[in-house]
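Observations on the three-dimensional arrangement
Listed below, chain by chain, are the residues.
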Amino acid sequence: MAGNDWINSYLEAILDVGPNLGDVKSSLLLRERGRFSPTRYFVEEVITGFDETDLYRSWVKAQATRSPQERNTRLENMCWRIWNLARQKKQLEGELAQRKAKRRLERERGRREATADMSEDLSEGEKGDIVSDVSAHGESNKGRLPRITSVDAMETWASQQKGKKLYIVLISLHGLIRGANMELGRDSDTGGQVKYVVELARALGSMPGVYRVDLLTRQVASPDVDWSYGEPTEMLTPRNSEDFMDEMGESSGSYIVRIPFGPRDKYIPKELLWPHIPEFVDGALSHMIQMSNVLGEQIGSGKPVWPVAIHGHYADAGDSAALLSGALNVPMLFTGHSLGRDKLEQLLKQSRLSRDEINTTYKIMRRIEAEELSLDASEIVITSTRQEIDEQWRLYDGFDPVLERKLRARIRRNVSCYGRFMPRMVIIPPGMEFHHIVPQDGDMDGETEGNEEHPSSPDSPIWSEIMRFFTNPRKPMILALARPDPKKNITTLVKAFGECRPLRELANLTLFMGNRDGIDEMSSTNASVLLSVLKLVDKYDLYGQVAYPKHHKQFEVPDIYRLAAKTKGVFINPAFIEPFGLTLIEAAAHGLPIVATKNGGPVDIHRVLDNGLLVDPHDQQSIADALLKLVSDKQLWARCRQNGLKNIHQFSWPEHCKTYLSRIASCKPRHPQWQRSDDGAETSESDSPSDSLRDIQDISLNLKFSLDGDRSGASGNDNSLGSEGNADRKSKLENAVLSWSRGGLKDQRKAGSGDRSDHSSSTGKFPALRRRKYIFVIAVDCDSNEDLLDAIRKIFEAMEKERVEGSIGFILSTFMTISEIHSFLISGGLNTNDFDAFICNSGSDLFYSTINPEDGPFVIDFYYHSHIEYRWGGEGLRKTLLRWVGSITDKKAGNQEQIVTAAEQLSTNYCYAFEVKNAGMVTPVKELRKLLRIQALRCNVIYCQNGTRINVIPVLASRSQALRYLYVRWGIDLSKMVVFVGDSGDTDYEGLLGGLHKSVILKGICSSASNQLHANRNYPLSDVMPVDSPNIIQTSQDCTSSDVRDSLENLNLLKS
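Rules behind the numbers
- Residues numbered from 1 in each chain as written.
- Predicted model: local features only at pLDDT ≥ 70, side-chain atom pairs only at ≥ 80, totals over all residues.
- Heavy atoms only, no water.
- Helix = DSSP H or I, 4+ residues; strand = E, 2+ residues; numbered from the N terminus.
- Buried < 20%, exposed > 50% of the residue type's maximum accessible area, 1.4 Å probe, protein only.
- Areas by Shrake-Rupley, 256 points an atom, 1.4 Å probe, with all protein chains shown as cover.
- Core = buried A, V, L, I, M, F, W, Y, C linked by side-chain atoms within 4.5 Å.
- Contact = heavy atoms within 4.5 Å.
- Arc of directions from axis to C-beta.
- Pairing = 2+ DSSP bridges.
- Right-handed = clockwise from strand over helix to strand, strands pointing away.
- Axes fitted to C-alpha atoms, helices over the stretch in contact; angles between N-to-C directions.
- Phe/Tyr/Trp six-rings, centres within 6.5 Å; stacked < 30°, edge-to-face > 60°.

**Digging into the overall build of the protein chain**
For the protein chain, the count of helices and strands is 37 helices and 29 strands. Taking all 1056 residues of the protein chain together, the buried fraction comes to 58%. Surface accessibility of the protein chain: about 44300 Å² in total, with carbon and sulfur atoms responsible for 49%.

Dropping the structure here:
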């Protein structure tokens, strides 16, 4: 076979290289650092280009003709190894096919079950695949926002926004971000995303109706980077600053705000940022609350101006934005930029690393979970192209285009979706700055005529660097700008050019393949592509017709486009798949027609610009024909150029921002609800002790009593008393707390029930936790109440003096209901007033202890419910969970005994509880989350008490989020909180570690109880544990009360 001849000749050529590749011990699968490996390149080419049969026949031929010579022996061994590699690849492909089949079956089953719940009133649009006026992703073609086609249209839209004063928060965590002289390409984290978010923030800040934009990122004060990355704040100067300055207010404009988190003196890659995300969230939350209050004083008539949206960029920022959105109850937007599931599939296909090795290197499973959470929490997901939706987002459990279409149809008809939610996918191409671009007129034979606005510029130095390669530099230039990456398909372009004689006679080819000093210093993959290009140049004798400069600066790129346009050339992007294609827009802005791959984003760009031709990147002849057609047909070239220049404004930043702001306006406004009160009086956050009366009035208006903490009280329907009793109790509360605020009430708690005296100077603060110096949160998850009681007593004993003084308050944070807590406290000899607050049901309910025993033991914060109810599935979720419970049975038992049962007495309106008889036979928590996400049900599933209980609560509710709520609601400083946990805990354990609060791990408590819960995690707990954090400390094994106190002293919270 011809293929085998080529294989053998290539192998012989490799052997001729000699000692440089004689390192037989080095695996073909390992990365050869700093040296090109023909062997590796050959393996990759063969495995992708030939099937296993060809490889096997090649090996048989080598074996049949072997001789004593070392050459043939090595040839045999090499063929054998390659054949084994091909078998491995086939095995991996089979596993990939199985995963896809499993995913498809799970998706279809989820659709069927979701549709069954909504089947009683399906419309025609929901039943079939006919899209009619609804796009595949829920966008109506009839109602689609019109593009701005003229300056007048933009001015009309702008005049409609004048009265608005929006506050927008963008988040981009990794890389080095600053407004000027961006170090793009410095490392893999500082690339196109950095430029995009900075320009987006700058452009949004210049838009009418936008008062302030904050771009939150990481503060890096490392000697390895420039000092500017350590500055807390940097203002982004708007491009068109002349008109903008007249409308600026005291704090208006766009700013980069750098939040310190993670190692203070190190610049670390994004894969190592995950353990430090909670610390960023707490710091960002503090900034946003402070800024909202400042803006409230300036433009909000004294009322806080909350962000209209929080927009996360990339998975790490999406995870942060979800938590911040939940903490502040404001809408969230998300842009993935690059998606983890797609990257995982690509890495598995390459077969160089196992799944575990991929996760160790890239922390890919943590990244995927962050993207799933972003889908759960986002109102809108912004993408650049339809390809990103069709081929990347559909890989996720939380997004199904078919189910989304059904849900959108129901929403338009105002029909219930039974607790199911899907984020809206919106395509908004990235914007560009065009104000500095002057399309090149004239040609190589005549200079461009200048004018007063745009005088003719001298030739750029990069022009001579390019033209020195050419025998005839005046021929049209075919320009490609791409990294020397196999995915960019540069070798096919060179082959197409080399084998098409008319094209070679008519045009030159210019290849900018990044910057390089020496081939030996390049990565093996990049070096292999570059060497292939050089060999092809030699093979087709393209000297004098192909340019491949070694260096170019970022600011020289416009000059490169100008030269190509001046020669009446063409820009080409032949990548196998291109997610977006920003270079195509840049080329069009400079008046260059394009030839681009038909796979991915270029399809959307071409649909708008209509300035070139699309080709199959695998079809070499198609590429050559398209280039020849554009270069030879001057009328076609001129028409494509004109179309590009005419339509390019649709990719401008004003157009991008107009669509962006219109989408934000379509979101239902959300913000902290306690800012409204029944009588119109507004309460605001205050750090001053003089706001006691406002606190009392606020709490009396907004909180209700629950006598016994049963389901009705915890769920918001207080039916435990008659209406007269409720009215009388509310009246008593208001009178009591108002009297108390004037100093009329004294603390009558006796020493036997907790002995925490309160100073008369601070009796005006309510609830009690607001006047504490420190808040200690006991979040120890134990198998038995006895173990939990023992841990509480140790902590109380360690802090006995401070408890008596009243300087420390305590919060009990647990999976239990308030009724269970009440029983637990009574049986343990504790008083409800020993704690200032109770976080119950894994974070879905929040109670405060009351001052007067006559008023009942607890007060429930119903505003907390309004804060966490976003996307709560309610009855639709409950039905799905009951169906799942019915499917979990012990088939070995004769009567198929139920393993999981619904615990109605433990459930509330915001927590569905289930009891587990055999934890070992229950689906892992990640599988239950996946099942619910596939059906578009958004919730937080928590396995508790060593897997014997399951709590299902709202998606943005948790015990850690409840602590942030206390900060937002009452101004309790997170850095003054101490969270006590055991060695392990419920499946929400990781959320309790990290952040601005201090954490004390009580060694020996719950050391092995919950290990099985964490064994089947999506990612190892070590990926998110901030082991080097100064805020986390561990006690000695089987700690005593003195060990607890020693740990607190080591955290500098107590004096020795």
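**Things to note about the nonpolar core**
One recurring pattern in soluble globular proteins: nonpolar side chains tend to sit buried together. One finds Ile-171, Phe-280, Phe-838, Leu-966, Phe-980 and Leu-1048 to be the most contacted residues of the largest nonpolar core, which totals 146 residues. Those residues in contact with Phe-838 that sit more than four places away from it in its chain are Leu-812, Ile-818, Ile-821, Leu-825, Thr-832, Asp-845, Leu-846, Phe-847, Ser-849 and Phe-858. Residues Ile-437, Cys-500, Phe-580 and Ala-626 belong to the second largest nonpolar core, which totals 69 residues.

**Digging into helix α31 (residues 818–827)**
The set of residues buried in α31 consists of Ile-818, Ile-821, Phe-824 and Leu-825. Summarising the axial view, the buried residues of α31 lie within an arc of 115°, below the 170-degree limit, and thus occupy one face. Those residues of α31 that are exposed and angled more than 90 degrees off the buried face are Ile-826 and Ser-827. For α31, the elements touching its buried residues are α29 (785–798), β17 (808–813), β18 (837–840), β19 (845–849) and β20 (858–860).

**With respect to the pairing of strand β12 (residues 570–573)**
Here β12 shows no split at all, with Val-570 and Ile-572 on one side and Phe-571 and Asn-573 on the other all buried. The pairing of strand β9 (residues 477–481) with β12 spans two bridges and is parallel. Pairing of Ile-478 across the sheet is with Val-570, part of β12. Pairing geometry for β12 and strand β13 (residues 594–597), over three bridges, is parallel. Across the sheet, residue Phe-571 finds its bridge partner in β13, namely Ile-594. One crossover worth recording links β12 to the parallel β13 by way of helix α21 (residues 582–589), and it is right-handed.

**Overview of helix α37 (residues 1041–1050)**
All of the buried residues in α37 are Ser-1041, Val-1044, Ser-1047, Leu-1048 and Glu-1049. On its buried face, α37 is in contact with β16 (774–778), α29, β27 (977–982), β28 (998–1002) and β29 (1032–1034). Asn-1052 lies just past α37 and shows a positive phi near 60°.

**With respect to the sheet that holds β12**
Read across the open sheet, the six strands follow the order β11-β10-β9-β12-β13-β14; overall the sheet is parallel. Every other strand in the sheet has two partners, leaving β11 (546–547) and β14 (612–615) as the edge strands with one partner each. Packed on one face of the sheet, α21 meets β12 and β13 and runs near 175° to β12.

**Notes on the packing of aromatic side chains**
Applying the stated rule across the entire model yields 17 aromatic pairs. Residues Phe-469 and Tyr-548 carry aromatic rings whose centres are separated by 5.1 Å and whose planes lie at 55° to one another, so their mutual orientation is tilted. With Phe-469 in the loop between α16 (461–467) and β9 and Tyr-548 in the loop between β11 and α20 (557–566), this residue pair connects regions lying 79 residues apart in the sequence. For the pair Phe-469 and Tyr-548, a shared accessibility class is recorded, and that class is buried.

**Focus: the sheet that holds strand β25 (residues 939–944)**
Hydrogen bonds along the backbone pair up the strands of a sheet, which may run parallel or antiparallel. Spatial ordering of the open sheet is given by β23-β24-β26-β25, a layout of four strands whose pairing is antiparallel. Of all strands in the sheet, those with a lone pairing partner are β23 (900–902) and β25, marking the two edges. In this sheet, neighbouring strand axes are inclined to one another by 25° on average, regardless of whether the strands run parallel or antiparallel. Across three bridges, β23 lies against strand β24 (residues 912–916) in antiparallel orientation. Of the residues in β24, the one forming a bridge with Thr-901 is Glu-915.

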